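If you want the building blocks of each chain, they are given just below.
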Amino acid sequence: MNSEELPPDLTDCLKSATRVAVLTGAGVSAESGIPTFRDAQTGLWARHDPMSLASPEGFEANPALVWDWYQWRRELIAEASPNAGHMALAEMAPAFDSFVLITQNVDGFHQLAGAENVLELHGNIQRNICSKTHKPISYDWIEQHADDRPPPSPHHEHGMARPDVVWFGEALDESTLEAAFAAAGGCDLMLVAGTAGAVQPAASLPFVAAEAGARVIDINPEATGISRIADWHLSGPGATWLPALAKAVSDNPR
Ligand code: OAD
């Protein structure tokens, strides 16, 4: 499907759905100017080795490099804003009995767009934690030690500040993950947007939903393993398709 015109059976499905789970990935922030991870030309991993920048071992080996990389991404995010796709998700949520937005993104754009009930599977890049104890570190502390790359931790003599994101090899927050699987297993419509579906456990959520009988919509300019099991693959950008879905929801009140 390539036009923004939605097929009638999809419009019907939106009208009858009551419990919606959404899974988003880096693609929904592409129109905000934030690079995705796996794009062969422009993706973050095309220019950087994920293991040296997004793993505990990488941080141990070169904390300054990792800190600088996250500071650069924080600046990119600070200069950008949520796009029409983020807005559309926040806008359509109240039309359903339940609407759980599960994201792999760490940019916080869903909340900035007004979304509630957001499960951040991979954390949030704006927060900091101690590398040894994982206790939160305040922004004031980071500012007071802004010349250090990275700042020391106030919680542990050998600890350093690091972003509160999930790195390769680390476990996801258990209660967040449980809530995400409960939402996927209990929804009647799963809306997936902007994810390659290459990283577990997030990638299995649409499969869990489909197995439990939910319809699945996938928005992605490329075909992925998720689009292959989806009832509808809407090929194209999230900032185009998500507003089309939000419009269909508001034009067809239940
Ligand atoms: P990826 O970079 O792996 O995938 C982004 C997906 O978005 C691709 O399938 C693109 O085709 C699609 N895409 C690109 N532009 C788009 C647009 N304008 N609208 C919609 N889709 C678009 O990013 P994720 O799947 O989010 O984790 O990656 C998952 C995790 O892998 C990330 O959270 C990150 C990374 O390693 C950590 O850093 C822990």
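Residues numbered from 1 in each chain as written. Predicted model: local features only at pLDDT ≥ 70, side-chain atom pairs only at ≥ 80, totals over all residues. Heavy atoms only, no water.

Student: How do you make sense of the sheet that holds strand β5 (residues 136-137) when you look at a structure like this?
Tutor: Pairing is antiparallel across the open sheet formed by three strands, whose spatial order is β5-β4-β6. Sheet topology places β5 and β6 (161-165) at the edges, where each strand pairs with a single neighbour. Sheet topology places strand β4 (residues 123-130) next to β5; two bridges connect them, and they run antiparallel. When the bridges of β5 are listed, Asn 128 appears paired with Ile 137. The strands touched by helix α5 (residues 63-78) within the sheet are β4 and β6, with β4 carrying the most contacts at an inclination of about 145°. (Pairing = 2+ DSSP bridges. Helix = DSSP H or I, 4+ residues; strand = E, 2+ residues; numbered from the N terminus. Contact = heavy atoms within 4.5 Å. Axes fitted to C-alpha atoms, helices over the stretch in contact; angles between N-to-C directions.)

Student: Even after reading the chapter, I still don't get the pattern of salt bridges, so can you show me in this structure?
Tutor: When their charged atoms lie close together, side chains carrying opposite charge are able to pair. One pass over the structure, following the stated rule, counts seven salt bridges. Among the ionic pairs, Arg 19 bridges to Asp 188, the shortest N-O distance being 4.0 Å. Taken together, the positions of Arg 19 in strand β1 (residues 19-24) and Asp 188 in the loop between α9 (174-186) and β7 (189-193) put the pair 169 residues apart, joining distant regions of the chain. Looking at Asp 188, the relative accessible area reads 22%, which means it is partly exposed. Of the charged contacts in the structure, one is a salt bridge between Asp 68 and Arg 149, with a shortest N-O distance of 2.5 Å. (Salt bridge = Lys/Arg side-chain N within 4 Å of Asp/Glu carboxyl O. Buried < 20%, exposed > 50% of the residue type's maximum accessible area, 1.4 Å probe, protein only.)

Student: Teacher, can you tell me more about the site of the ligand here?
Tutor: Ala 26, Phe 37, Arg 38, Thr 195 and Asn 220 are the nearest of the 22 residues found near the ligand. One of the side-chain nitrogen or oxygen atoms of Glu 31 is found 2.9 Å away from a nitrogen atom of the ligand. One of the side-chain N or O atoms of Arg 38 is found 2.7 Å from an oxygen atom in the ligand. Contact with the protein chains covers 90% of the free accessible surface of the ligand, which is 790 Å². Looking at the shell around the ligand residue by residue, the class counts come to ten nonpolar, nine polar and three charged. Taken domain by domain, the makeup of the shell around the ligand includes at least three residues from each of domain 1 (3-34 + 82-122 + 172-251) and domain 2 (35-79 + 127-165). (Near = heavy atom within 4 Å. Polar contact = N/O pair within 3.5 Å; in protein donor to acceptor, adjacent residues only side chain to side chain. Areas by Shrake-Rupley, 256 points an atom, 1.4 Å probe, with all protein chains shown as cover. Nonpolar A, V, L, I, M, F, W, Y, C, P; charged D, E, K, R; others polar. Domains from an automatic or database assignment.)

Student: Can you walk me through the domain arrangement of the protein chain in this structure?
Tutor: How big an interface is tends to be stated in terms of the accessible area lost upon association of its parts. Parsing the protein chain into structural domains produces domain 1 (3-34 + 82-122 + 172-251) and domain 2 (35-79 + 127-165). The C-alpha centroid of domain 2 is placed 27 Å from the C-alpha centroid of domain 1. Listed by partner, the interface residues are 13 residues for domain 1 and ten residues for domain 2. Where domain 1 abuts domain 2, roughly 840 Å² becomes buried across the two surfaces, and 70% of that area is made up of carbon and sulfur atoms. When the buried surface of domain 1 facing domain 2 is broken down by residue, Ala 26, Ile 34 and Val 106 rank first, second and third, together holding 49% of it. Counting across the domain 1 and domain 2 interface gives one salt bridge. One salt bridge connects Arg 127 with Glu 120, and the closest N-O pair in it is separated by 3.8 Å. Across the contact surface, domain 1 and domain 2 share zero residue pairs in polar contact (both at pLDDT 80 or more). A class-by-class count of the residues in the side of domain 1 that touches domain 2 yields eight nonpolar, three polar and two charged. (Buried area = accessible area lost by both parts, 1.4 Å probe.)

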